[in-house]
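# Descriptive analysis of the structure
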Amino acid sequence: MQRDPAALKAALADLEQRNLKRTRRLMPRDDLVNFCSNDYLGLSSHPEVVHAFAAAAARFGVGSGASHLVTGHGIEHEALEAELAAFTGRERALVYSTGYMANLGVIGALSDQKSLLVSDKLNHASLIDGCRLAGGDVRRYRHGDTAHAAELLGAADPTSDTRLLITDGVFSMDGDVAPLADLAGVARAANAWLVVDDAHALGVLGATGRGTCELFGLGAAEVPVLVGTFGKAFGTFGAFVAGEADLIEYLVQKSRTYIFTTALPPAIAAATRAALAVSQKETWRRGKVAALAQRFRAGVEARGEAARLSPPSTSGTVTPIQPVILGDETRALAVSKALEMQGFLVTAIRPPTVPAGTARLRVTFSAAHDESQVDALVDALAVALRA
(Lines give C-alpha, C1' and ligand atoms only; values in the text may rest on other atoms or scores of the structure.)
Protein backbone atom coordinates (compact mmCIF):
# COMPACT_ATOMS: atom_id res chain seq x y z
CA MET A 1 0.00 0.00 0.00
CA GLN A 2 1.37 3.39 -1.00
CA ARG A 3 1.88 6.02 1.67
CA ASP A 4 -0.89 8.07 0.18
CA PRO A 5 -4.18 9.02 1.86
CA ALA A 6 -5.93 8.81 -1.50
CA ALA A 7 -4.76 5.23 -1.97
CA LEU A 8 -6.09 4.24 1.45
CA LYS A 9 -9.44 5.89 0.76
CA ALA A 10 -9.68 4.17 -2.61
CA ALA A 11 -8.89 0.76 -1.10
CA LEU A 12 -11.52 1.23 1.61
CA ALA A 13 -14.08 2.43 -0.94
CA ASP A 14 -13.38 -0.64 -3.06
CA LEU A 15 -14.06 -2.96 -0.10
CA GLU A 16 -17.28 -1.09 0.63
CA GLN A 17 -18.41 -1.30 -2.98
CA ARG A 18 -17.81 -5.06 -3.09
CA ASN A 19 -19.59 -5.66 0.23
CA LEU A 20 -16.34 -6.89 1.76
CA LYS A 21 -15.71 -4.15 4.32
CA ARG A 22 -15.57 -5.50 7.86
CA THR A 23 -17.19 -3.66 10.75
CA ARG A 24 -17.08 -4.07 14.51
CA ARG A 25 -20.18 -4.12 16.67
CA LEU A 26 -20.41 -3.16 20.30
CA MET A 27 -21.31 -6.02 22.59
CA PRO A 28 -23.14 -7.23 24.55
CA ARG A 29 -26.51 -6.80 22.87
CA ASP A 30 -29.16 -7.93 25.31
CA ASP A 31 -31.83 -7.56 22.61
CA LEU A 32 -30.24 -10.26 20.43
CA VAL A 33 -29.70 -13.99 20.88
CA ASN A 34 -26.09 -14.61 19.92
CA PHE A 35 -25.65 -17.53 17.51
CA CYS A 36 -22.12 -16.74 16.32
CA SER A 37 -19.97 -17.00 19.45
CA ASN A 38 -17.31 -19.65 20.03
CA ASP A 39 -18.34 -20.05 23.69
CA TYR A 40 -19.46 -23.61 22.93
CA LEU A 41 -19.84 -24.87 26.49
CA GLY A 42 -21.19 -21.58 27.84
CA LEU A 43 -18.32 -21.29 30.32
CA SER A 44 -17.30 -17.66 29.78
CA SER A 45 -19.77 -16.52 32.44
CA HIS A 46 -19.85 -19.67 34.58
CA PRO A 47 -19.76 -18.68 38.29
CA GLU A 48 -16.81 -20.94 39.09
CA VAL A 49 -14.78 -19.57 36.20
CA VAL A 50 -15.61 -15.95 37.06
CA HIS A 51 -14.78 -16.53 40.74
CA ALA A 52 -11.42 -18.12 39.89
CA PHE A 53 -10.56 -15.14 37.70
CA ALA A 54 -11.54 -12.57 40.35
CA ALA A 55 -9.75 -14.38 43.17
CA ALA A 56 -6.53 -14.72 41.18
CA ALA A 57 -6.65 -11.07 40.07
CA ALA A 58 -7.05 -10.01 43.70
CA ARG A 59 -4.06 -12.15 44.67
CA PHE A 60 -1.68 -11.66 41.73
CA GLY A 61 -2.83 -8.43 40.10
CA VAL A 62 -4.08 -7.92 36.58
CA GLY A 63 -0.98 -8.45 34.44
CA SER A 64 1.90 -10.93 34.54
CA GLY A 65 4.45 -8.15 34.22
CA ALA A 66 6.97 -9.87 31.94
CA SER A 67 7.59 -12.74 29.56
CA HIS A 68 7.59 -16.32 30.81
CA LEU A 69 11.38 -16.48 30.67
CA VAL A 70 11.89 -13.35 32.76
CA THR A 71 9.45 -13.09 35.69
CA GLY A 72 6.06 -13.67 34.04
CA HIS A 73 5.73 -17.42 34.66
CA GLY A 74 3.77 -18.05 37.85
CA ILE A 75 2.20 -20.83 39.83
CA GLU A 76 -1.11 -20.59 37.94
CA HIS A 77 0.66 -21.01 34.58
CA GLU A 78 2.64 -23.96 35.90
CA ALA A 79 -0.44 -25.66 37.31
CA LEU A 80 -2.42 -25.04 34.12
CA GLU A 81 0.31 -26.58 31.98
CA ALA A 82 0.39 -29.69 34.17
CA GLU A 83 -3.39 -30.04 34.00
CA LEU A 84 -3.41 -29.56 30.22
CA ALA A 85 -0.75 -32.22 29.81
CA ALA A 86 -2.86 -34.65 31.82
CA PHE A 87 -6.03 -33.67 29.96
CA THR A 88 -4.48 -34.24 26.53
CA GLY A 89 -2.46 -37.30 27.49
CA ARG A 90 0.87 -35.65 26.69
CA GLU A 91 4.08 -35.38 28.71
CA ARG A 92 4.05 -31.58 28.83
CA ALA A 93 2.12 -28.54 27.68
CA LEU A 94 3.18 -24.95 27.05
CA VAL A 95 0.85 -21.98 27.47
CA TYR A 96 0.90 -19.26 24.78
CA SER A 97 -0.76 -15.85 24.88
CA THR A 98 -2.99 -16.49 21.81
CA GLY A 99 -3.83 -19.28 19.41
CA TYR A 100 -2.38 -17.29 16.55
CA MET A 101 0.93 -17.03 18.39
CA ALA A 102 0.92 -20.72 19.24
CA ASN A 103 0.58 -21.74 15.60
CA LEU A 104 3.16 -19.24 14.36
CA GLY A 105 5.49 -20.23 17.18
CA VAL A 106 5.37 -24.00 16.78
CA ILE A 107 5.64 -23.98 12.96
CA GLY A 108 8.46 -21.44 13.05
CA ALA A 109 10.39 -23.38 15.67
CA LEU A 110 10.15 -26.74 13.90
CA SER A 111 10.91 -25.58 10.36
CA ASP A 112 13.35 -23.56 8.31
CA GLN A 113 13.94 -22.61 4.67
CA LYS A 114 14.77 -26.21 3.76
CA SER A 115 11.59 -27.63 5.29
CA LEU A 116 8.52 -28.91 3.48
CA LEU A 117 5.21 -27.74 4.92
CA VAL A 118 2.07 -29.47 3.60
CA SER A 119 -1.11 -27.74 4.72
CA ASP A 120 -4.86 -28.22 4.18
CA LYS A 121 -6.20 -25.59 1.80
CA LEU A 122 -8.88 -24.48 4.28
CA ASN A 123 -6.64 -24.23 7.34
CA HIS A 124 -7.02 -21.27 9.68
CA ALA A 125 -5.19 -18.06 8.80
CA SER A 126 -2.77 -18.55 11.70
CA LEU A 127 -1.59 -21.86 10.22
CA ILE A 128 -1.34 -20.32 6.76
CA ASP A 129 0.69 -17.40 8.09
CA GLY A 130 2.85 -19.72 10.16
CA CYS A 131 3.78 -21.57 6.99
CA ARG A 132 4.44 -18.37 5.06
CA LEU A 133 6.66 -16.89 7.76
CA ALA A 134 8.64 -20.11 8.17
CA GLY A 135 10.11 -19.54 4.71
CA GLY A 136 10.11 -23.19 3.66
CA ASP A 137 8.51 -24.97 0.72
CA VAL A 138 4.77 -24.57 1.36
CA ARG A 139 2.31 -26.80 -0.50
CA ARG A 140 -1.45 -26.88 0.06
CA TYR A 141 -3.48 -30.03 -0.43
CA ARG A 142 -7.12 -30.16 -1.44
CA HIS A 143 -9.37 -29.84 1.58
CA GLY A 144 -9.55 -33.10 3.49
CA ASP A 145 -7.85 -35.02 0.67
CA THR A 146 -5.37 -37.36 2.34
CA ALA A 147 -4.25 -38.87 -0.96
CA HIS A 148 -3.26 -35.43 -2.21
CA ALA A 149 -1.45 -34.72 1.07
CA ALA A 150 0.48 -37.98 0.69
CA GLU A 151 1.33 -37.11 -2.91
CA LEU A 152 2.73 -33.72 -1.91
CA LEU A 153 4.77 -35.19 0.93
CA GLY A 154 6.03 -37.94 -1.35
CA ALA A 155 7.22 -35.44 -3.94
CA ALA A 156 9.42 -33.64 -1.41
CA ASP A 157 12.93 -32.54 -2.23
CA PRO A 158 15.29 -35.13 -0.73
CA THR A 159 17.10 -32.29 1.06
CA SER A 160 13.90 -31.46 3.00
CA ASP A 161 14.88 -33.30 6.15
CA THR A 162 12.07 -31.63 8.10
CA ARG A 163 8.49 -32.21 6.98
CA LEU A 164 5.32 -30.93 8.57
CA LEU A 165 1.76 -32.04 7.79
CA ILE A 166 -0.56 -29.37 9.14
CA THR A 167 -4.32 -29.41 9.67
CA ASP A 168 -7.14 -28.05 11.75
CA GLY A 169 -8.98 -30.68 13.76
CA VAL A 170 -12.34 -29.01 13.13
CA PHE A 171 -12.39 -26.37 10.39
CA SER A 172 -13.60 -23.07 11.78
CA MET A 173 -15.72 -21.88 8.86
CA ASP A 174 -17.13 -25.22 7.67
CA GLY A 175 -17.47 -27.15 10.92
CA ASP A 176 -16.25 -30.38 9.34
CA VAL A 177 -13.76 -32.73 10.96
CA ALA A 178 -10.36 -33.52 9.46
CA PRO A 179 -9.74 -37.19 8.49
CA LEU A 180 -7.22 -37.34 11.29
CA ALA A 181 -6.63 -41.08 11.41
CA ASP A 182 -5.76 -41.16 7.71
CA LEU A 183 -3.57 -38.07 8.01
CA ALA A 184 -1.71 -39.66 10.90
CA GLY A 185 -0.91 -42.62 8.66
CA VAL A 186 0.29 -40.32 5.89
CA ALA A 187 2.51 -38.38 8.29
CA ARG A 188 3.98 -41.56 9.74
CA ALA A 189 4.81 -42.93 6.29
CA ALA A 190 6.55 -39.69 5.33
CA ASN A 191 8.33 -39.28 8.68
CA ALA A 192 6.60 -35.91 9.06
CA TRP A 193 5.48 -34.00 12.12
CA LEU A 194 1.68 -34.01 12.25
CA VAL A 195 0.57 -30.62 13.61
CA VAL A 196 -3.11 -30.45 14.61
CA ASP A 197 -4.84 -27.25 15.68
CA ASP A 198 -7.76 -28.61 17.69
CA ALA A 199 -9.12 -25.22 18.78
CA HIS A 200 -12.72 -25.97 17.78
CA ALA A 201 -12.81 -29.58 19.00
CA LEU A 202 -11.24 -29.62 22.46
CA GLY A 203 -13.94 -29.53 25.09
CA VAL A 204 -16.75 -30.57 22.74
CA LEU A 205 -15.71 -33.61 20.69
CA GLY A 206 -14.77 -37.05 21.94
CA ALA A 207 -16.34 -39.10 24.71
CA THR A 208 -14.72 -36.93 27.39
CA GLY A 209 -14.17 -33.71 25.40
CA ARG A 210 -10.56 -34.37 24.49
CA GLY A 211 -11.11 -33.41 20.87
CA THR A 212 -10.45 -35.05 17.54
CA CYS A 213 -7.59 -37.17 18.88
CA GLU A 214 -10.01 -38.85 21.27
CA LEU A 215 -12.66 -39.06 18.57
CA PHE A 216 -10.32 -41.09 16.36
CA GLY A 217 -8.52 -42.94 19.15
CA LEU A 218 -5.17 -41.28 18.47
CA GLY A 219 -2.46 -40.56 21.02
CA ALA A 220 0.73 -38.58 21.23
CA ALA A 221 2.59 -41.02 18.98
CA GLU A 222 0.15 -40.39 16.11
CA VAL A 223 -0.36 -36.65 16.78
CA PRO A 224 2.94 -35.40 18.21
CA VAL A 225 2.07 -31.68 18.03
CA LEU A 226 -1.32 -30.73 19.45
CA VAL A 227 -2.43 -27.09 19.57
CA GLY A 228 -5.45 -25.96 21.55
CA THR A 229 -7.03 -22.68 22.59
CA PHE A 230 -8.89 -21.43 25.65
CA GLY A 231 -11.14 -18.91 23.90
CA LYS A 232 -13.57 -21.42 22.44
CA ALA A 233 -15.09 -24.22 24.54
CA PHE A 234 -13.26 -23.16 27.70
CA GLY A 235 -14.55 -19.60 27.51
CA THR A 236 -11.38 -17.71 28.50
CA PHE A 237 -8.35 -16.56 26.49
CA GLY A 238 -5.01 -17.91 25.35
CA ALA A 239 -3.69 -21.17 23.92
CA PHE A 240 -1.27 -24.06 24.40
CA VAL A 241 0.85 -26.64 22.62
CA ALA A 242 1.07 -30.16 24.05
CA GLY A 243 3.51 -32.92 23.20
CA GLU A 244 6.46 -34.93 24.43
CA ALA A 245 8.73 -33.31 27.02
CA ASP A 246 11.63 -32.68 24.65
CA LEU A 247 9.35 -31.01 22.09
CA ILE A 248 7.99 -28.60 24.70
CA GLU A 249 11.46 -27.83 26.02
CA TYR A 250 12.60 -27.15 22.46
CA LEU A 251 9.70 -24.69 22.04
CA VAL A 252 10.69 -22.94 25.26
CA GLN A 253 14.14 -22.44 23.75
CA LYS A 254 13.20 -21.68 20.13
CA SER A 255 9.58 -20.49 19.78
CA ARG A 256 9.84 -16.74 19.27
CA THR A 257 6.15 -16.04 19.91
CA TYR A 258 6.52 -17.69 23.32
CA ILE A 259 9.86 -16.15 24.25
CA PHE A 260 9.36 -12.55 23.16
CA THR A 261 5.96 -11.62 24.55
CA THR A 262 4.32 -10.91 27.89
CA ALA A 263 2.96 -13.99 29.63
CA LEU A 264 -0.77 -14.55 29.91
CA PRO A 265 -2.22 -12.83 33.01
CA PRO A 266 -2.26 -15.23 36.00
CA ALA A 267 -5.99 -14.64 36.47
CA ILE A 268 -6.66 -15.93 32.97
CA ALA A 269 -4.65 -19.05 33.73
CA ALA A 270 -6.63 -19.56 36.95
CA ALA A 271 -9.94 -19.07 35.15
CA THR A 272 -8.89 -21.57 32.48
CA ARG A 273 -8.03 -24.14 35.15
CA ALA A 274 -11.53 -23.69 36.56
CA ALA A 275 -13.09 -23.96 33.09
CA LEU A 276 -11.16 -27.15 32.37
CA ALA A 277 -12.41 -28.64 35.63
CA VAL A 278 -16.02 -27.59 34.98
CA SER A 279 -15.91 -29.07 31.47
CA GLN A 280 -15.00 -32.43 32.97
CA LYS A 281 -17.53 -32.20 35.80
CA GLU A 282 -20.55 -30.88 33.91
CA THR A 283 -20.43 -33.38 31.08
CA TRP A 284 -24.02 -32.59 30.05
CA ARG A 285 -22.75 -29.47 28.30
CA ARG A 286 -21.07 -31.46 25.51
CA GLY A 287 -24.16 -33.51 24.87
CA LYS A 288 -26.42 -30.49 24.88
CA VAL A 289 -24.46 -28.47 22.35
CA ALA A 290 -24.28 -31.46 20.00
CA ALA A 291 -28.02 -32.04 20.32
CA LEU A 292 -28.79 -28.39 19.61
CA ALA A 293 -26.62 -28.41 16.48
CA GLN A 294 -28.36 -31.56 15.27
CA ARG A 295 -31.78 -30.02 16.02
CA PHE A 296 -30.86 -26.99 13.91
CA ARG A 297 -29.77 -29.17 10.98
CA ALA A 298 -32.97 -31.18 11.16
CA GLY A 299 -35.07 -28.02 11.27
CA VAL A 300 -33.35 -26.46 8.26
CA GLU A 301 -33.64 -29.70 6.31
CA ALA A 302 -37.35 -29.98 7.17
CA ARG A 303 -37.88 -26.55 5.61
CA GLY A 304 -36.31 -27.62 2.33
CA GLU A 305 -33.00 -25.81 2.77
CA ALA A 306 -30.69 -28.81 3.27
CA ALA A 307 -28.59 -27.80 0.26
CA ARG A 308 -27.45 -24.68 2.11
CA LEU A 309 -25.88 -26.70 4.94
CA SER A 310 -22.35 -28.02 4.80
CA PRO A 311 -22.29 -31.78 4.19
CA PRO A 312 -21.85 -33.78 7.39
CA SER A 313 -18.30 -34.90 8.17
CA THR A 314 -17.25 -38.31 6.90
CA SER A 315 -16.90 -39.30 10.56
CA GLY A 316 -20.60 -38.53 11.05
CA THR A 317 -19.74 -36.09 13.83
CA VAL A 318 -21.90 -33.00 14.28
CA THR A 319 -19.93 -30.01 15.56
CA PRO A 320 -21.16 -26.72 17.07
CA ILE A 321 -20.31 -24.92 13.80
CA GLN A 322 -23.13 -25.16 11.25
CA PRO A 323 -22.67 -22.77 8.31
CA VAL A 324 -25.52 -21.78 6.04
CA ILE A 325 -24.00 -21.24 2.59
CA LEU A 326 -25.49 -18.32 0.64
CA GLY A 327 -22.82 -17.74 -2.01
CA ASP A 328 -23.15 -14.05 -2.67
CA GLU A 329 -21.76 -11.45 -0.25
CA THR A 330 -24.75 -9.14 -0.67
CA ARG A 331 -27.15 -11.99 0.02
CA ALA A 332 -25.24 -13.06 3.13
CA LEU A 333 -25.33 -9.53 4.54
CA ALA A 334 -29.04 -9.20 3.77
CA VAL A 335 -29.99 -12.47 5.48
CA SER A 336 -27.82 -11.60 8.48
CA LYS A 337 -29.57 -8.25 8.76
CA ALA A 338 -33.00 -9.88 8.41
CA LEU A 339 -32.16 -12.22 11.28
CA GLU A 340 -31.01 -9.31 13.39
CA MET A 341 -34.35 -7.60 12.82
CA GLN A 342 -35.97 -10.76 14.22
CA GLY A 343 -33.73 -10.79 17.31
CA PHE A 344 -30.82 -13.04 16.29
CA LEU A 345 -27.15 -12.22 15.90
CA VAL A 346 -25.55 -14.33 13.15
CA THR A 347 -22.60 -12.71 11.42
CA ALA A 348 -22.14 -12.90 7.65
CA ILE A 349 -18.78 -14.44 6.72
CA ARG A 350 -17.37 -13.27 3.40
CA PRO A 351 -14.17 -13.58 1.34
CA PRO A 352 -11.28 -13.64 1.97
CA THR A 353 -12.21 -15.48 5.19
CA VAL A 354 -13.96 -18.06 2.99
CA PRO A 355 -13.43 -18.79 -0.72
CA ALA A 356 -15.14 -16.56 -3.28
CA GLY A 357 -18.69 -17.62 -4.01
CA THR A 358 -19.17 -19.26 -0.60
CA ALA A 359 -20.26 -16.34 1.60
CA ARG A 360 -22.26 -17.69 4.50
CA LEU A 361 -23.81 -17.36 7.89
CA ARG A 362 -21.60 -19.09 10.44
CA VAL A 363 -24.16 -20.39 12.92
CA THR A 364 -22.66 -21.70 16.16
CA PHE A 365 -24.24 -23.33 19.17
CA SER A 366 -23.60 -23.15 22.88
CA ALA A 367 -24.70 -25.08 25.92
CA ALA A 368 -26.13 -21.73 27.04
CA HIS A 369 -28.78 -21.93 24.30
CA ASP A 370 -32.05 -23.81 24.69
CA GLU A 371 -34.24 -25.73 22.27
CA SER A 372 -36.84 -22.97 21.98
CA GLN A 373 -34.17 -20.50 20.86
CA VAL A 374 -32.89 -22.93 18.23
CA ASP A 375 -36.43 -23.54 16.94
CA ALA A 376 -37.05 -19.80 16.79
CA LEU A 377 -33.80 -19.31 14.85
CA VAL A 378 -34.84 -21.96 12.32
CA ASP A 379 -38.19 -20.20 11.84
CA ALA A 380 -36.52 -16.80 11.51
CA LEU A 381 -34.00 -18.16 9.01
CA ALA A 382 -36.80 -19.57 6.87
CA VAL A 383 -38.42 -16.12 6.78
CA ALA A 384 -35.10 -14.39 6.02
CA LEU A 385 -34.27 -16.77 3.17
CA ARG A 386 -37.64 -16.09 1.52
CA ALA A 387 -37.20 -12.31 1.70
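Look a little higher up for the structure.
Residues numbered from 1 in each chain as written. Predicted model: local features only at pLDDT ≥ 70, side-chain atom pairs only at ≥ 80, totals over all residues. Heavy atoms only, no water.

### Examining the overall build of the protein chain
How we decide: Going along the chain from the N terminus, every DSSP run of H or I of four or more residues is numbered as a helix, and every run of E of two or more is numbered as a strand. Only the C-alpha atoms count toward the radius of gyration. The rule for a globule is 2.2 Å times the residue count to the power 0.38. Each residue gets one of three labels from its accessible area relative to the maximum for its type: buried under 20%, exposed over 50%, partly exposed in between, using a 1.4 Å probe on protein chains only. Contacts: residue pairs with any heavy atoms within 4.5 Å of one another. The Shrake-Rupley method, run with a 1.4 Å probe sphere, supplies the accessible areas, and residue values consider only the shown protein chains as cover.
What the protein chain contains, in helices and strands, is 15 helices and twelve strands. Taking 387 residues into account, the globule formula puts the C-alpha radius of gyration at 21 Å, and the protein chain, at 21 Å, falls close to it. C-alpha atoms of the protein chain, sized along the principal axes, occupy 55 × 55 × 50 Å. When the 387 residues of the protein chain are sorted by exposure, 52% land in the buried category. The long-range share in the protein chain, meaning contacts at least 24 apart out of those at least 6 apart in sequence, stands at 73%. Approximately 17,200 Å² of the protein chain is accessible, and the part contributed by carbon and sulfur atoms is 54%.

### With respect to the environment of Val278
Along the chain, Val278 falls in helix α12 (residues 266-281). Distance in space between the C-alpha atoms of Val278 and Glu48 is 7.9 Å, their sequence separation being 230 residues.

### Considerations on unusual backbone geometry
Cis peptide bonds are those with omega within 30 degrees of zero, and the linkage from Met27 to Pro28 qualifies with 0°. Between Pro351 and Pro352 the backbone carries a cis peptide bond, its omega angle lying at 10°. Tracing the chain through its elements places Pro352 in the loop between β11 (348-349) and β12 (359-364). One non-glycine residue, Asn19, lies in the positive phi region at around 60°. Examined against the element boundaries, Asn19 turns out to sit in the loop between α1 (5-17) and β1 (33-34). At Asn191, a position not held by glycine, the phi torsion is positive, near 55°. Of note, Asn191 is situated in the loop between α8 (180-189) and β6 (193-197). What makes Asn191 exposed here is its relative accessible area of 66%.

### Digging into the nonpolar core
The condition is simple: Among the buried residues, those of types Ala, Val, Leu, Ile, Met, Phe, Trp, Tyr and Cys that are joined through side-chain atoms within 4.5 Å form a nonpolar core.
Ranked by internal contacts, the top residues of the largest apolar core, which has 57 residues, are Phe296, Leu339, Leu361, Val363, Phe365 and Leu381. Not counting the four nearest positions on each side in its chain, Val363 is found in contact with Phe35, Phe296, Pro320, Ile321, Gln322, Pro323, Val324, Val346 and Leu377. Counting 24 residues, the second-largest nonpolar core is a separate cluster that includes Ala102, Leu127, Ala134 and Leu251.

### Looking at the pairing of strand β7 (residues 225-229)
Counted only if it meets this: With its strands directed away from the observer, a crossover is right-handed exactly when the path from the first strand over the helix to the second travels clockwise. Strand pairing follows a simple DSSP-based rule, namely that at least 2 bridges must link the two strands.
In terms of burial, β7 is largely enclosed, as five of its five residues are buried. Covered by surrounding structure in β7 are Val225, Val227 and Thr229 together with Leu226 and Gly228, the residues of both alternating faces. As for the winding sense of the linkage, the β-α-β connection from β6 through helix α9 (residues 211-216) to β7 is right-handed. Summarising the sheet, β7 and strand β8 (residues 239-243) pair through four bridges and their orientation is antiparallel. Along β8, the bridge assignment pairs Gly228 with Phe240.

### What to know about the pattern of salt bridges
Quick reminder of the rule: Whenever Lys or Arg places a side-chain nitrogen within 4 Å of a carboxyl oxygen from Asp or Glu, that contact is recorded as a salt bridge.
The final tally for this structure, using the stated rule, is 18 salt bridges. A salt bridge links Arg29 to Asp31; its shortest N-O distance comes to 2.9 Å. Of the charged contacts in the structure, one is a salt bridge between Glu371 and Arg295, with a shortest N-O distance of 3.6 Å. With Glu371 in helix α15 (residues 371-386) and Arg295 in helix α13 (residues 284-302), this residue pair connects regions lying 76 residues apart in the sequence. Salt bridges sharing partners connect three or more residues here, namely Arg25, Arg29, Asp31 and Glu340.

Nothing here speaks to function; it is geometry throughout.
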